[in-house]
Amino acid sequence: MHHVSITANKTEFDFVDAITRISVFLDSLYKNPDDIPLVASKHDLVVQSCPPEVGRPTDYLLNELFQKFEHNFCNVFSSSYFGYISPRPHPLGVIGDFLAAGVNQTPGAWRAGPAATKIELEVLGWFRQLFGLPTPDGDFPGGIFTGGGTIANLIALKLARDAADSDAQDHGITKKYRIYCSQDSHFSIDKSVDFLGIGKRNLVKIAVDSRGVINLDELKAAIELDVQNGCQPMAIIGTVGTTAIAVIEPLEEMASLAKEFQCWFHVDAAAGLSYAACDEIRKSMKGIELADSITFDPCKWMFMSFGVGCLLVKDGKKLFDSCSAGGGYWENKEELDLFQQNLYGTRQFRSLGIWMLLRGLGFSGYRKLLVNILECAALFRSLIKEDNRFLLMESNSELPVICIRARRLGIEQQLVDICQNRNICYPTLLKWKNEDHIRFAFSNYEIDQKKVKKIYQEICEVYDSII
Ligand SMILES: *Cc1c(COP(=O)(O)O)cnc(C)c1O
């Protein structure tokens, strides 16, 4: 065996060379995203069967990895990719994430990351300005970063639990609590009520109509019935950008019900909050400023790489009361330790990438990216609307997610498969109210009108070839 152990001999490892190779690889994805298929997954991918007892040179590893990606890749870099809400990561965010990993500062504790802690607070402040949210009550930052929307929702519901039951932290839940959301809420809510020991049966899901609008009368009636039966409402959850069809729920009305029944009002705006940066759409989110807590995922329409979420709360002290903890191994120096306000202890410094992105683009530059996506989605919507081959779902959404059906019903799956396999575009099949739809989530900030027209024409050709 002739190999060089890079860790055993430091001089063999050239950091700059390795990073250069990685940046050249990523640069080609950014510049020529359509050189590779929209999705490639070879199930016969070779997985090394023997443990890596002996080290290998970095070049060797990179060759192996680039090859693995080449044959097994979901091409979010392409503007023909419309899957879920998985954006092309913005290079500024990627650079920030890289620097953050390199300096290894954690915003979890002041002395382990003083600048990181400061930057995180700065970014939280920017979010409130960008999205038109009020400053939090009291002296606490009023927000935390998490590993995604799921954990943000989990922590939000923990705050709701502790607000409803001051004994729960010490003794667990003693009453029968109920939580309310629409049928179209995200599955992380179901997971959260389970993880918190509230029980999925105590999550009451209210019907939505054919445009995705929650039935508020039914919501109120459900709460009243529960109260009569001796249950206590713990939280009402409104969604901004429902996962299937991106509806913005009537937050003002939901907030006033939460007030009437004295329970927590949480807004799961994981996907949609980004669009609060655009005044026109912010109007449809009226009432969000009344929320006790708001979930936000910068890894959606803020173009960060996966795995960063955020929870903004009205009263930051609640986070502290719900999450503070200590141990003899951590000398208390009365510093700002954000682990005292979060489920996480140490954690990645993901706000650095967001800092890079927002500071680099400016709010105005960021808004331009959002508006371009909106305009491209609007063009696609109008092309579909005028074409009698397709039925446009008239959802109550202004966000750039477009769901369509074929007039000749039943060929949606076939259309999706052909579009994906021929590399035309990558929409997903959506089952909504027991019917098949083709869902296009516009989340690539590089898309342009020409590309939209081309994709539309190619979809029409596929349609005609099926008939
Ligand atoms: C994406 C999303 C989530 C879950 O976020 P993760 O980052 O996948 O944990 C929750 N709620 C809504 C509305 C979402 O769009």
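Residues numbered from 1 in each chain as written. Predicted model: local features only at pLDDT ≥ 70, side-chain atom pairs only at ≥ 80, totals over all residues. Heavy atoms only, no water.

Chemist: I keep staring at the sheet that holds strand β11 (residues 401–406) and nothing clicks. Help me out?
Modeler: For sheets, the rule is that strands pair by backbone hydrogen bonds, running either parallel or antiparallel. The antiparallel open sheet is built from four strands, whose spatial order is β10-β11-β13-β12. In this open sheet, the two edge strands, each paired with only one partner strand, are β10 (390–392) and β12 (428–432). Going across the sheet, the axis of each strand differs from the next one's by a mean of 40°, ignoring polarity. Contacts from helix α12 (residues 351–385) reach β10, β11 and β13 (435–441), with the element oriented near 20° to β11. (Pairing = 2+ DSSP bridges. Helix = DSSP H or I, 4+ residues; strand = E, 2+ residues; numbered from the N terminus. Axes fitted to C-alpha atoms, helices over the stretch in contact; angles between N-to-C directions. Contact = heavy atoms within 4.5 Å.)

Chemist: How do you make sense of the environment of Glu 252 when you look at a structure like this?
Modeler: Structurally, Glu 252 is set in helix α9 (residues 251–260). Polar side-chain contacts of Glu 252 include one of 3.0 Å to the side chain of Lys 286. (Polar contact = N/O pair within 3.5 Å; in protein donor to acceptor, adjacent residues only side chain to side chain.)

Chemist: Looking at this structure, how should I read the sheet that holds strand β9 (residues 309–313)?
Modeler: The seven strands are arranged β3-β9-β8-β7-β6-β4-β5 in an open sheet whose pairing can be described as mixed. Two strands lie at the open edges of the sheet, namely β3 (143–146) and β5 (203–206), each paired on one side alone. Geometrically, the sheet is characterised by an average inter-axis angle of 20° between neighbouring strands, direction not taken into account. With four bridges connecting them, β3 and β9 associate as antiparallel partners. By the bridge assignment for β9, Ile 144 is matched with Leu 311. On top of the sheet, helix α4 (residues 114–130) reaches β3, β8 (293–296) and β9; it is set at about 110° to β3, its chief contact.

Chemist: Explain helix α13 (residues 412–421) to me, please; I cannot follow it from the model alone.
Modeler: Residue pairs three or four apart in sequence face the same way in an α-helix, which turns once every 3.6 residues. Burial in α13 covers these residues: Glu 412, Leu 415, Val 416, Ile 418, Cys 419 and Gln 420. Among the residues trailing α13, Asn 423 stands out with phi positive, at a value near 65°. (Buried < 20%, exposed > 50% of the residue type's maximum accessible area, 1.4 Å probe, protein only.)

Chemist: Would you mind going over the pairing of β12 with me for this structure?
Modeler: Looking along a regular strand, one sees the side chains alternate between the two faces of the sheet. Residues Thr 428, Leu 430 and Trp 432 of β12 are buried on one face, while the alternating residues Leu 429 and Lys 431, pointing to the opposite face, are not. Here five bridges tie β12 to β13, and the two strands are oriented antiparallel to one another. Paired with Thr 428 across the strands is Arg 439, a residue of β13.

Chemist: So what exactly am I meant to see when it comes to the pairing of strand β6 (residues 232–239) here?
Modeler: Burial analysis of β6 places seven of its eight residues in the buried class, the great majority of the element. A crossover connection joins β6 to the parallel strand β7 (residues 264–268) through α9; in handedness this β-α-β unit is right-handed. (Right-handed = clockwise from strand over helix to strand, strands pointing away.)

Chemist: Teacher, can you tell me more about the site of the ligand here?
Modeler: In the vicinity of the ligand, 13 residues are found, and the nearest of them are Gly 149, Thr 150, Asp 268, Asp 297 and Lys 300. Here Gly 149 contributes a backbone N or O atom positioned 3.0 Å from an oxygen atom of the ligand. Taking Asp 268, its side chain carries an N or O atom lying 2.7 Å from a nitrogen atom of the ligand. Within the complex, the protein chains bury 82% of what would otherwise be the 380 Å² of accessible surface of the ligand. The element best represented in the shell around the ligand is helix α5 (residues 149–164), accounting for three residues. Looking at the shell around the ligand residue by residue, the class counts come to two nonpolar, eight polar and three charged. (Near = heavy atom within 4 Å. Areas by Shrake-Rupley, 256 points an atom, 1.4 Å probe, with all protein chains shown as cover. Nonpolar A, V, L, I, M, F, W, Y, C, P; charged D, E, K, R; others polar.)

Chemist: Before we go on, may I ask you to explain the state of the cysteines in this structure?
Modeler: What we call a disulfide is simply a covalent bond connecting the sulfur atoms of a pair of cysteines. This structure, assessed with the given rule, holds zero disulfides. Take Cys 263: it sits in no disulfide, and the sulfur closest to it among the cysteines is that of Cys 181, at 12 Å. For Cys 263, a relative accessible area of 11% corresponds to the buried category. (Disulfide = S-S within 2.5 Å.)

Chemist: Help me understand the environment of Ile 288 in this model?
Modeler: Its place among the elements puts Ile 288 in the loop between α10 (279–282) and β8. For the pair formed by Ile 288 and Pro 52, sequence separation is 236 residues and the distance between their alpha carbons is 51 Å. Other than its neighbours up to four places away in sequence, Ile 288 contacts Leu 133, Val 240, Leu 251, Val 267, Ala 269, Leu 273, Arg 282 and Ile 294.

Chemist: In this structure, what is going on with the packing of α12 against helix α14 (residues 449–466)? I would like to understand it.
Modeler: Helix-helix packing: each pair is described by the crossing angle between the helix axes and the interaxial distance. Direction vectors running N to C along α12 and α14 enclose 30°, while the axes themselves pass 9 Å from each other. Relative to α14, the element α12 is oriented roughly parallel. In terms of crossing hand, the pair formed by α12 and α14 is right-handed. Where α12 approaches α14, its residues Glu 375, Cys 376, Leu 379, Phe 380, Leu 383 and Ile 384 are matched on the opposing element by Gln 449, Val 452, Lys 453, Tyr 456 and Ile 459. Looking at side-chain class alone, the contact of α12 with α14 contains eight nonpolar, one polar and two charged residues. (Parallel < 35°, antiparallel > 145°, perpendicular 65-115°, else oblique. Left-handed = near helix turned anticlockwise from the far one by under 90°.)

Chemist: Quick question: what am I supposed to make of the side chain of Ser 79 here?
Modeler: As for its position among the elements, Ser 79 is in the loop between β2 (72–74) and α3 (91–103). A polar atom in the side chain of Ser 79 sits 3.1 Å from the side chain of Lys 451. Apart from the residues lying within four places of it in its own chain, the contact partners of Ser 79 are Asn 444, Ile 447, Lys 451 and Ile 455.

Chemist: When you look at helix α1 (residues 15–31) in this model, what are you seeing that I'm missing?
Modeler: The end-to-end C-alpha separation of α1 is 24 Å, in line with the 24 Å expected for 17 residues at 1.5 Å each. Along α1, the residues classified as buried are Ala 18, Phe 25, Leu 29 and Tyr 30. One side of α1 holds all its buried residues, which, seen down the axis, span an arc of 145°. Residues Val 16, Val 24 and Lys 31 are exposed on α1 and point more than 90 degrees away from its buried face. The elements touched by buried residues of α1 are α2 (58–71), β2 and α3. Two or three places before Val 16, at the start of α1, stands the capping residue Asp 14, its side-chain oxygen 3.0 Å from that residue's backbone nitrogen. (Expected span 1.5 Å × (residues − 1). Arc of directions from axis to C-beta.)

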